[in-house]
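Listed below, chain by chain, are the residues.
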Amino acid sequence: MPKSRLSVVVTRRLPDAVETRLSELFDLRLNETDSPMSRDALVAAVRDCDVLVPTLTDNIEAGLLGQAGERLKLIANYGAGVDHIDVATARQRGILVSNTPGVVTEDTADMTMALMLAVTRQIPAGLAQMQSGDWAGWQPMANLGTRIGGKRLGILGMGRIGQAVARRARAFGMQIHYHNRRRLRPDAEAALEATYWESLDQMVARMDVISVNCPHTPATFHLLNARRLKLLKPSAIIVNTSRGEVVDENALTRGLRAGEIAGAGLDVFERGRQINPRLRELPNVVLLPHMGSATREGRAEMGEKVIINIKTFADGHRPPDLVLPSML
Ligand SMILES: NC(=O)C1=CN([C@@H]2O[C@H](COP(=O)(O)OP(=O)(O)OC[C@H]3O[C@@H](n4cnc5c(N)ncnc54)[C@H](O)[C@@H]3O)[C@@H](O)[C@H]2O)C=CC1
Ligand SMILES: O=C(O)C(=O)CO
């Protein structure tokens, strides 16, 4: 295949095979350091490339897009979430945005279940006993957790990942409930034996576990705010593998400390690495470093999707994973 003249800038290091394939197809520029590009480096990149491949650690905001050169025509995000990209401004400037949905679904749903079990079955506390050598041997009343079988799971955002969580949770014997922007089609709802709640307030008040799986958008920012968090049963736990901004992290921390919420399993945080320090101190909280989709297989497939999106665009067609402002 002849080498396209498209100039592609990738902001972080990607799997070797992905970088190799990109370099075979395009004029590729990599960020050799694998730390997020400085704003100056990003400005230089958008001024002088046809395609930018950012990740969620880049802030592709209106000011940056305002400095983009005429050449920039596609932002092919390496990741499903696009809340770090001003998609509306990109659209106004004639820049397409694509993402990598689907290939992150199953891994992120697996991690959602892992967090749910880690919190309800106190896995970190057990691990700590084994690592410190403090285990006193089996005791009938030690290390008691809560069974998830038979419990009510409320999924906030019943899209790809939400539905994959529902499939897994059903296999664990949980009852599936959900709140979504749009109700699922009756056949999809029936297949998951899922109960739809039009009112998020009513759903959160009745669940044993809440799983946050909607994207971060202006409409979902602090969807679980202080008022809603107060509606939760004191025995309920929250698992968030979507974006930290959907949950008011300070209000969640207060609720956990006050015993108004039983526990939380969090893969994502409202201010990135600036995690509320009080969250770290809580025994009923399991924190992970945004690793929901982090499998070698998934990262390779994300790269393949990026390549397909750029290649399709280079061939004069609409990228298959186009993100439109109306979708957000
Ligand atoms: N922790 C991790 O490593 C990962 C996190 N993610 C996050 O998960 C999010 C969801 O991913 P997918 O399931 O693939 O997306 P999706 O687009 O398939 O599903 C999102 C669902 O949320 C619903 N939704 C949107 N706005 C809503 C609102 N205001 N109220 C109620 N529901 C609303 C949509 O209707 C849709 O059904 C991504 O946007 C990303 O932020 C994705 C991959 C990995
Ligand atoms: O794809 C995403 O949105 C992530 O959060 C990382 O895979």
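Quick notes on the rules
Each residue is numbered by its place in its chain's sequence as written, counting from 1. For this description, chains carry letters from A and ligands carry numbers from 1, given in the order in which they are written. Residue-level local features of this predicted model are given only where pLDDT is at least 70; pairs of side-chain atoms are given and counted only at 80 or more, and the full residue set underlies all totals for whole chains, interfaces and linings. Only hydrogens and water are removed before side-chain values are computed, so all heavy atoms of the structure are retained for them. A helix here means a DSSP run of H or I that spans at least four residues, while a strand means a run of E at least two residues long, and both kinds are numbered starting from the N terminus. Classification of residues uses two cut-offs on accessible area relative to the type maximum, computed with a 1.4 Å probe and protein chains only: under 20% is buried, over 50% is exposed, and between them is partly exposed. What makes two residues a contact is simply this: any of their non-hydrogen atoms within 4.5 Å. Using the Shrake-Rupley algorithm and a 1.4 Å probe, accessible areas are obtained, with residue cover drawn only from the displayed protein chains. Residues scored as charged are limited to Lys and Arg (positive) and Asp and Glu (negative), so that His and the chain ends carry no count. By convention, charge coordinates are those of NZ in Lys, CZ in Arg, CG in Asp, or CD in Glu. Domain borders in the structure are assigned automatically or taken from a domain database. Using a 1.4 Å probe, buried area is obtained as the accessible area two parts lose upon being combined, added over both of them. Salt-bridge detection follows one rule: a side-chain nitrogen of Lys or Arg within 4 Å of a carboxyl oxygen of Asp or Glu. Three classes are used: nonpolar for Ala, Val, Leu, Ile, Met, Phe, Trp, Tyr, Cys and Pro, charged for Asp, Glu, Lys and Arg, and polar for all others, with Gly counted as polar. A pair of strands counts as paired when DSSP detects no fewer than two bridges linking them. Looking down the strands as they point away from you, a crossover is right-handed if its path from the first strand over the helix to the second goes clockwise. Note on definitions. A residue lies near a molecule or strand when any single heavy atom of the residue is within 4 Å of it. Within 3.5 Å is the distance limit for a polar contact, defined as a pair of N or O atoms, with the added protein rule that one can donate a hydrogen and the other accept it, and that residues adjacent in sequence qualify only through two side-chain atoms. Interaxial angle, 0 to 180 degrees, is taken between N-to-C directions of lines fitted to C-alpha atoms, where a helix line uses only the stretch in contact.

Attention now goes to the overall build of the protein chain. When its secondary structure is counted, the protein chain shows 13 helices and 12 strands. Overall, the C-alpha framework of the protein chain stretches about 70 × 50 × 35 Å when taken along its three principal axes. Across the 328 residues that make up the protein chain, the buried fraction comes to 49%. In the protein chain, of all internal contacts separated by at least 6 residues, the share reaching a separation of at least 24 is 59%. Summed over its atoms, the accessible surface of the protein chain is roughly 16100 Å², and 52% of this surface lies on carbon and sulfur atoms. Here the protein chain contributes 41 positively and 36 negatively charged side chains, and the mean placements of these two sets differ by 4 Å.

As a further point, take the domain arrangement of the protein chain. With domains assigned, the protein chain is organised as domain 1 (7-103 + 296-327) and domain 2 (105-287). For domain 1 and domain 2, the distance between their C-alpha centroids amounts to 31 Å. Residue-level contacts link 8 residues of domain 1 with 7 residues of domain 2. Regarding the contact of domain 1 and domain 2, the summed buried area is about 590 Å², with carbon and sulfur atoms giving 32% of it. Where domain 1 packs against domain 2, one counts 1 salt bridge. For the salt bridge of R243 with D83, the shortest nitrogen-to-oxygen distance reads 3.2 Å. Across the side of domain 1 that touches domain 2, the residue classes tally to 4 nonpolar, 3 polar and 1 charged.

Another aspect to go through is the pairing of strand β2 (residues 27-30). Sheet topology note: the strand β1 (residues 7-10)/β2 ladder contains 4 bridges and is parallel. When the sheet's bridge partners are listed, V9 is paired in β2 with R29. After leaving β1, the chain enters helix α1 (residues 16-25) and then returns to the sheet as β2, a path that is right-handed.

Before going further, it helps to examine the site of ligand 2. Near ligand 2 the following residues occur: L56, G79, A80, G81, R243, H290, S293, R299 and M302. Take R243: an N or O atom from its side chain is 2.8 Å from an oxygen atom of ligand 2. H290 is positioned with one of its side-chain polar atoms (N or O) 2.8 Å from an oxygen atom of ligand 2. When isolated, ligand 2 has an accessible area of 230 Å², and the protein chains bury 87% of it. Here the residues of the shell around ligand 2 are counted per class, giving 3 nonpolar, 4 polar and 2 charged.

What follows is about the site of ligand 1. Lining the immediate environment of ligand 1, one finds 22 residues, of which R160, I161, N180, T241 and D267 sit closest. In this structure, G159 approaches ligand 1 through a main-chain N or O atom, which is 3.3 Å from an oxygen atom. With respect to ligand 1, the side chain of R243 contributes an N or O atom lying 3.3 Å from an oxygen atom. Within the complex, 88% of the 870 Å² of free accessible area of ligand 1 lies under protein. For the shell around ligand 1, the residue count by class is 5 nonpolar, 13 polar and 4 charged.

So, on to the pairing of strand β6 (residues 152-156). Put simply, side chains in a regular strand alternate between the two faces of the sheet. Most of β6 is tucked away: 4 of the 5 residues are buried. Relative to strand β7 (residues 175-179), β6 runs parallel, the two sharing 5 bridges. The residue bridging R152 from the neighbouring strand is Q175, located in β7. Where the polypeptide runs from β6 across helix α7 (residues 160-171) and back to β7, its parallel neighbour, the crossover connection is right-handed. Sheet topology note: the β6/strand β9 (residues 209-212) ladder contains 4 bridges and is parallel. Paired with L153 across the strands is V209, a residue of β9.

Turning to the sheet that holds strand β5 (residues 96-98), a few remarks are in order. With parallel pairing, 5 strands are arranged side by side in an open sheet as β2-β1-β3-β4-β5. The strands lining the two open edges of the sheet, one partner per strand, are β2 and β5. Adjacent strand axes in the sheet meet at a mean angle of 20°, parallel and antiparallel pairs treated alike. Running at roughly 160° to strand β4 (residues 74-76), helix α13 (residues 296-314) makes contact with β1, β3 (51-53), β4 and β5 of the sheet.

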